[in-house]
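# Structural overview for review
This is what each chain is made of:
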Amino acid sequence: MIVENDGTSVLLRRVPVRGEVMAEICTQLAPFRTSDTQVIRGETAISKDLAIDSLAVMDMVMELEDRFDVSIPMNVVAEIQTVDELADTILKLAARR
Amino acid sequence: MGLFDRHAGLLDAYRDVRTTGADPFQIRMERVLSPTEAIINGKTCLTVGTNNYFGLTFDPSCMQAAIDAIQAEGTGTTGSRIANGSYSEHVALEQEIAEFYGKKHCMVFTTGYQANLGVISTLVGQDDFLLIDADSHASIYDACKQTQAEVVRFKHNDPASLDARLRRLKDKNGGDKPGNRLVVLEGIYSMLGDSAPLKEFVEVCKKYGAYVLVDEAHSLGALGDNGRGLCESAGVLDDCHFIVGTFSKTLGAIGGYCVSNDPDFDILRVTTRAYMFTASLPPSIVASVRQALRVVRTRGAELRQQLWDNVHTLYDGLVAQGFKLGPEYGPVVGVHLPDRMMAIGFWRAMLDAGIYVNVAVPPATPNGVSLLRCSLCAVHTKEQLQHMIEVMTGIGRQMGVIGPQLKVAGGSR
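### Section: helix α11 (residues 283–320) of chain B
Residue and element names in this part refer to chain B. For α11, built from 38 residues, the straight-helix expectation of 56 Å at 1.5 Å per residue is missed by more than 12%, its first-to-last C-alpha distance being only 46 Å. Where α11 bends most, at R299, the angle is about 80°. Once α11 ends, the next one or two residues include G322, with phi positive near 100°.

### Brief notes about the packing of helix α7 (residues 159–167) of chain B against helix α8 (residues 198–208) of chain B
Residues and elements named next belong to chain B. Here α7 crosses α8 at 10°, and the two axes come no closer than 9 Å. On the basis of their axis angle, the class for α7 and α8 is roughly parallel. The element α7 and its partner α8 pack so that their crossing is right-handed. Contacts between α7 and α8 involve P159, L162, D163 and L166 from the former and E200, F201, V204 and Y208 from the latter. Classifying every residue of the contact of α7 with α8 by side-chain character gives six nonpolar, no polar and two charged.

### Overview of the confidence of the model for chain A
All names here are of chain A. Across chain A, the average pLDDT comes to 88, with 90% of residues at or above 70. Put simply, strand β1 (residues 3–5) is where chain A has its lowest mean pLDDT, 46, and helix α1 (residues 18–29) is where it has its highest, 95. Across residues 1–8, where pLDDT falls below 50, the model places 14 contacts with residues more than four positions away in sequence or in other chains.

### Brief notes about the interface of chain B and chain A
Contacts between the two partners involve 13 residues from chain B and, on the opposite side, 15 residues from chain A. Of all the secondary-structure elements, those providing two or more residues to the side of chain B that touches chain A are β6 (150–154) and α7 of chain B. A per-element tally of the side of chain B that touches chain A places β6 of chain B first, with four residues.

### Concerning the sheet that holds strand β3 (residues 43–47) of chain B
All names here are of chain B. The strand order across the open sheet built from four strands is β1-β2-β3-β12, with neighbouring strands paired in mixed fashion. Because the sheet does not close on itself, it has two edges, and the strands there are β1 (31–34) and β12 (355–356). Note that β1 and strand β2 (residues 37–40) share three bridges and pair antiparallel. Across the sheet, R31 pairs through a bridge with I39, a residue of β2.

### Let's talk about the nonpolar core
L130, V183 and L372 of chain B are the most contacted members of the largest nonpolar core, which totals 120 residues. Broken down by element, the residue count for this core peaks at 13 residues, all from α11 of chain B. Domain assignment of the residues forming this core places at least three in each of domain 1 (22–57 + 300–398) and domain 2 (77–281) of chain B. Those residues in contact with L130 of chain B, other than ones at most four positions away along the chain, are V124, C144, T147, A149, V151, L182 and V184 of chain B. Counting 18 residues, the second largest nonpolar core, distinct from the first, contains L29, L64, V83 and L86 of chain A.

### Notes on the domain arrangement of chain B
Residues and elements named next belong to chain B. Taken as a whole, chain B is organised into domain 1 (22–57 + 300–398) and domain 2 (77–281). Computed over C-alpha atoms only, the centres of domain 1 and domain 2 are separated by 28 Å. Taken together, the 22 residues of domain 1 in the interface contact 18 residues of domain 2. Contributions of two or more residues to the side of domain 1 that touches domain 2 are made by α11, β11 (332–337) and β14 (370–375). Partitioned by chemical class, the residues of the side of domain 1 that touches domain 2 number eleven nonpolar, eight polar and three charged.

### A closer look at the environment of T271 of chain B
Structurally, the position occupied by T271 of chain B is in the loop between β10 (256–260) and α10 (273–276). Distance in space between the C-alpha atoms of T271 of chain B and T122 of chain B is 7.0 Å, their sequence separation being 149 residues.

### Structural notes on helix α5 (residues 83–96) of chain A
In this model, α5 of chain A (14 residues) spans 20 Å end to end at C-alpha, consistent with the 20 Å of a helix rising 1.5 Å per residue. Tucked into the core, α5 of chain A has its buried residues touching α1, α2 (46–49), α3 (54–68) and α4 (74–79) of chain A.

### Some words on the sheet that holds strand β8 (residues 211–215) of chain B
Residue and element names in this part refer to chain B. Read from one edge of the open sheet, seven strands run β4-β10-β9-β8-β7-β5-β6, paired in mixed fashion. Each edge of the open sheet carries a strand with a single partner, namely β4 (105–109) and β6. Going across the sheet, the axis of each strand differs from the next one's by a mean of 20°, ignoring polarity. Two strands pair when backbone bridges link them, and β8 and strand β9 (residues 242–246) are joined in this way by three bridges, in the parallel orientation.

Cut-offs applied
Residues numbered from 1 in each chain as written. Chains lettered and ligands numbered in written order. Predicted model: local features only at pLDDT ≥ 70, side-chain atom pairs only at ≥ 80, totals over all residues. Helix = DSSP H or I, 4+ residues; strand = E, 2+ residues; numbered from the N terminus. Expected span 1.5 Å × (residues − 1). Bend = angle between axes of the 7 residues up to and from the residue. Axes fitted to C-alpha atoms, helices over the stretch in contact; angles between N-to-C directions. Parallel < 35°, antiparallel > 145°, perpendicular 65-115°, else oblique. Left-handed = near helix turned anticlockwise from the far one by under 90°. Contact = placed C-beta atoms within 7 Å. Nonpolar A, V, L, I, M, F, W, Y, C, P; charged D, E, K, R; others polar. pLDDT = per-residue confidence, 0-100. Pairing = 2+ DSSP bridges. Core = buried A, V, L, I, M, F, W, Y, C linked by C-beta atoms within 7 Å. Buried ≥ 20, exposed ≤ 12 C-beta atoms within 10 Å, placed from the backbone. Domains from an automatic or database assignment.

Structure follows, in structure tokens:
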């Protein structure tokens, strides 16, 4: 596994596997759960099911971008609703690199 | 679903705000007395939240210029420059701003918001890339919605974050994706008053052949030996392809502009909708802005010195009392408070004590912070600011935002 620290977050250079992406998204979203018992799943709707505003979504996306070395354009972020869709987008962009 | 249901969350937050007994978003200035005083709720208040950095709203020469212009040319232009034509004074103002920056071209807009909205959304289109700082002003975010370009945010004031995002603009074969790259930065950010590390950003942009646009809305007059803004103080005026600014802060009126050396710049006059489809600035505004620019050119050094003396008085005074402020000195001083209700309560207490500042709460603030936003004026007096620090210290202690006064030796230990 090739990792490099760019000072802010650990950057993953190789194409990630789905499990890694899902795990990272869940870590990033954990602070926005509506209760300690809420479980974040693939079908969780990010804005609807979690206590997160649009600005915080965009900030979270920036963290994921730096982790997986991809850029997700803002108009693409706006279309993403669920955790699964976010993971798919990241995997697609990472594979295209 | 009702039309307003989507705003339910915001409505709840707004209701919270109003339970404090005063609505900071509907404040009425019953009468503005000077750049630093206004009557609010029947009482003369000190104003420290009006972006009136040089205090030129009441400059006699600027006021007289506006009066003369109304008498000569009437109250308004009643149409856009495309439809009704330009007045000679619009053209003269554009020439004077271009000359002020040493750039070839200038376009004037009816507001600073429209300048950003129009220029940014028109400069980039399909297959281009627009890279914006995460803490950008609403006018920049709105421009993003109006362009077909791909928009990517980078971390606030972080050149390495911009570098990573420009580097990623590669196609499958590792070649650069075609399309222009435009990077948008601000001289001074309006909430916390911090400046972009512009020199470092410009280096990154050069490395990737990206165009640089800098919004100097809050830095015009305040930064640089000639008051041109951060571009000047950072020594990168020639590397900034587009500089946008406003007439509504240091120049004391309303309107916006963009300057550039690009030989084809004027094509924006027939492609920028925010320029084409709105009425042009009235003669009085153009005249007062031209005079205000003359004041910046002749008395700018003195006013800048007064402004920065005031910045140091307020910033140092509040830090000494234990307040948590924005990261650097600047004409905008953001005071951090623990949460939204505390910020509203503090703001209300200050207004009751006769001091008006702005309150800024999420979602209008970066990282969900709640702030009292103060902006300084060159003509605030030391006494006014000392009084403000005393009042804020008292309220801060009452509300438990800052610690109690330190006991001096020989006290009640």
